[in-house]
Amino acid sequence: MSSNPATATADPGLLDVRGVRKVYQGSGRTVEAVRDLTFRVGTGDLACIVGPSGAGKTTLLKCVAGLLAPTAGEVRLGGTPVQGPPADMAVVFQEYGRSLFPWMTVAQNVELPLKQKKIARGRRSELVTRALASVGLADVPGAYPWQLSGGMQQRVAIARAIAYEPSVLLMDEPFAAVDAQTRAELEDLTRRLWRELGMTVLFVTHDIDEAVYLGQRVLVLSASPTVVMEDVAVDLPADREQLATRALPRFAELRAHVYGQVQRAKVFHAEASVAKAGA
Ligand SMILES: Nc1ncnc2c1ncn2[C@@H]1O[C@H](COP(=O)(O)OP(=O)(O)OP(=O)(O)O)[C@@H](O)[C@H]1O
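Keep in mind that what you see is a predicted model, and the values were worked out from it rather than measured.

1. What to know about the site of the ligand
Okay, step 1: Every one of the 13 residues lining the ligand counts as a neighbour, but Ser53, Gly56, Lys57, Thr58 and Thr59 are closest to it.
Okay, step 2: Gly54 has a polar backbone atom sitting 3.0 Å from an oxygen atom of the ligand.
Okay, step 3: Contacts to the ligand include His206, whose side-chain N or O atom sits 3.0 Å from an oxygen atom.
Okay, step 4: For the ligand, the accessible surface in isolation is 640 Å², of which the surrounding protein chains cover 63%.
Okay, step 5: Considering every element that reaches the shell around the ligand, the biggest residue donor is helix 2 (residues 57-64), with 3 residues.
Okay, step 6: Each residue belonging to the shell around the ligand can be placed in one class, and the counts come to 5 nonpolar, 6 polar and 2 charged.

Below is the structure:
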């Protein structure tokens, strides 16, 4: 990993977040959602972000996705500053119900960004078929999203993201609204696709167990205004399995450590708020 521009172009999936600060301003109210975030995710790495509610995780992801301009600092993808949604980045949001168009079939939803990318019809059809097969939905291309379960709809959203062949995939609490069994399946699907496709993945979650199970690293954010409290390396075997991996003593240690850090973040925040109120 190098910030040298000469090597940066050879590293298209390198995500470089440098001193990002975001202050929301409007109608007499100012919120410093993110104070100073700096971290890197190497090409082909999978990093998870956890932090207390309101820590600015979604704000950070929107800045990384080029949907929000940081107040200070910058995000670079493959050495190039992100100033709008980058062509080779895809995002999967929590609210699959709102991210799919109900009047389009599953295949049309997956195909839409490929049309916008001006990919030729034959190649589009190949990409859609392959993406739906890889998420286990090869048999429902003609169905409408509202005819599918929540877990299936989220698979469509994932298929749409991977059909696009992004070098970076951002996921914002993508499984928060599905049941536990479906969630476990979608976690395994995410790790399988990540390993097969070699994308850089930045995955935001509330769920500490999910972050440890999925990630190679877990970035723990402090409460708002936000900084990176700790960058925890997840030294679990690369082949993960829901029951066996979660039963490992090391999994329990990592989980306890990250949990402790998130609790610390909340206490820091409470102390800072009391100090501010007393000032
Ligand atoms: N558009 C906005 N205008 C003003 N303030 C905002 C806006 N969006 C978010 N905020 C504030 O910024 C802070 C961080 O919000 P954000 O949604 O990024 O946090 P989060 O960590 O994703 O939260 P959660 O875990 O609850 O989803 C919060 O105090 C929130 O109220």
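2. Points about unusual backbone geometry
Excluding glycine, residues mostly have negative phi values, and the peptide bonds linking residues are mostly trans.
Okay, step 1: Backbone geometry at Glu165 places phi at a positive 50°, although glycine is not the residue there.
Okay, step 2: Although it is not a glycine, Glu173 sits at a positive phi angle of roughly 45°.
Okay, step 3: Within the secondary structure, Glu173 sits in the loop between strand 7 (168-172) and helix 7 (180-197).

3. Regarding the UniProt feature "domain: ABC transporter" (unreviewed entry) in the protein
Okay, step 1: Listed under "domain: ABC transporter" (unreviewed entry) in the UniProt record, and renumbered for this structure, are residues 15-248.
Okay, step 2: Secondary structure within residues 15-248 divides into 35% helix and 28% strand; the distance between the first and last C-alpha atoms comes to 31 Å.

4. Some words on the pattern of salt bridges
Okay, step 1: Under the defined criterion, the tally for this structure stands at 21 salt bridges.
Okay, step 2: One salt bridge in this structure joins Arg21 and Glu32, with 3.0 Å as the shortest N-O distance. Of this pair, Arg21 sits in strand 1 (residues 15-26) while Glu32 is found in strand 2 (residues 29-41), placing the two residues 11 residues apart along the sequence.
Okay, step 3: The partner of Arg123 in a salt bridge is Glu126, and the shortest N-O contact between them spans 3.0 Å. Placement of the pair is Arg123 and Glu126 together in helix 5 (residues 121-134), with a separation of 3 residues, close to one helical turn.
Okay, step 4: Given the relative accessible area of 31%, Arg123 is considered partly exposed.
Okay, step 5: Under the relative-accessibility criterion, Glu126 is labelled partly exposed at 48%.
Okay, step 6: Through salt bridges with shared partners, a single network forms among Asp16, Arg18, Arg40, Glu74 and Arg76.

5. Details of the sheet that holds strand 7
Okay, step 1: Taken together, 10 strands build an open sheet; the order of strands is 5-4-1-2-10-9-3-8-7-6 and the sheet is mixed. For this open sheet the edge positions go to strand 5 (80-81) and strand 6 (89-92), each flanked by a neighbour on one side alone.
Okay, step 2: Of the pairings in the sheet, the one linking strand 4 (residues 72-77) to strand 5 comprises 2 bridges and is antiparallel in character. Bridged to Arg76 within strand 5 is Pro81.
Okay, step 3: Its contacts with the sheet put helix 2 on strand 1, strand 2, strand 3 (46-50), strand 4, strand 6, strand 7, strand 8 (200-204) and strand 9 (217-221), and the angle it makes with strand 1 is roughly 115°.
Okay, step 4: Where helix 6 (residues 150-163) meets the sheet, it contacts strand 6 and strand 7, and its direction lies at approximately 175° from that of strand 6.

6. Overview of the nonpolar core
Taken as a class, soluble globular proteins show a tendency for nonpolar side chains to be buried jointly.
Okay, step 1: Formed by 53 residues in total, the largest nonpolar core has its most connected members in Ile158, Val218 and Val258.
Okay, step 2: Counting residues per element, this core draws most heavily on helix 6, at 7 residues.
Okay, step 3: Counting 25 residues, the second largest nonpolar core, distinct from the first, contains Ile49, Leu77, Leu170 and Leu221.

7. Points about helix 5
Okay, step 1: With 14 residues, helix 5 should reach 20 Å at 1.5 Å per residue; the first-to-last C-alpha distance of 20 Å fits that figure.
Okay, step 2: When helix 5 is considered as a whole, its buried residues turn out to be Arg124, Leu127, Val128, Ala131, Leu132 and Ser134. Buried residues in helix 5, looked at end-on, bunch into an arc of 160°, giving them a common side.
Okay, step 3: Buried residues along helix 5 sit against helix 4 (106-116), helix 6 and helix 7.
Okay, step 4: Looking one or two residues beyond helix 5, the residue adopting positive phi is Gly136, at roughly 75°.

8. Some words on the state of the cysteines
Okay, step 1: A complete count under the given rule lists 0 disulfides for this structure.
Okay, step 2: Cys63 carries a free sulfur, and the closest cysteine sulfur to it, the one in Cys48, is 19 Å from it.
Okay, step 3: The exposure class assigned to Cys63 is buried, which follows from its relative accessible area of 3%.

9. Quick word on the confidence of the model for the protein
Okay, step 1: Residue-level pLDDT values for the protein average 88, and 92% of them are 70 or greater.
Okay, step 2: Here residues 1-8 is a poorly scored stretch, pLDDT under 50, and it has 11 contacts once near neighbours within four places are set aside; other chains count.
Okay, step 3: For this predicted complex, the interface confidence comes out at an ipTM of 0.96, alongside a pTM of 0.89.

Rules used throughout
Residues numbered from 1 in each chain as written. Predicted model: local features only at pLDDT ≥ 70, side-chain atom pairs only at ≥ 80, totals over all residues. Heavy atoms only, no water. Near = heavy atom within 4 Å. Polar contact = N/O pair within 3.5 Å; in protein donor to acceptor, adjacent residues only side chain to side chain. Areas by Shrake-Rupley, 256 points an atom, 1.4 Å probe, with all protein chains shown as cover. Helix = DSSP H or I, 4+ residues; strand = E, 2+ residues; numbered from the N terminus. Nonpolar A, V, L, I, M, F, W, Y, C, P; charged D, E, K, R; others polar. UniProt positions renumbered as here; feature names shortened; annotations may be inferred. Salt bridge = Lys/Arg side-chain N within 4 Å of Asp/Glu carboxyl O. Buried < 20%, exposed > 50% of the residue type's maximum accessible area, 1.4 Å probe, protein only. Pairing = 2+ DSSP bridges. Contact = heavy atoms within 4.5 Å. Axes fitted to C-alpha atoms, helices over the stretch in contact; angles between N-to-C directions. Core = buried A, V, L, I, M, F, W, Y, C linked by side-chain atoms within 4.5 Å. Expected span 1.5 Å × (residues − 1). Arc of directions from axis to C-beta. Disulfide = S-S within 2.5 Å. pLDDT = per-residue confidence, 0-100.

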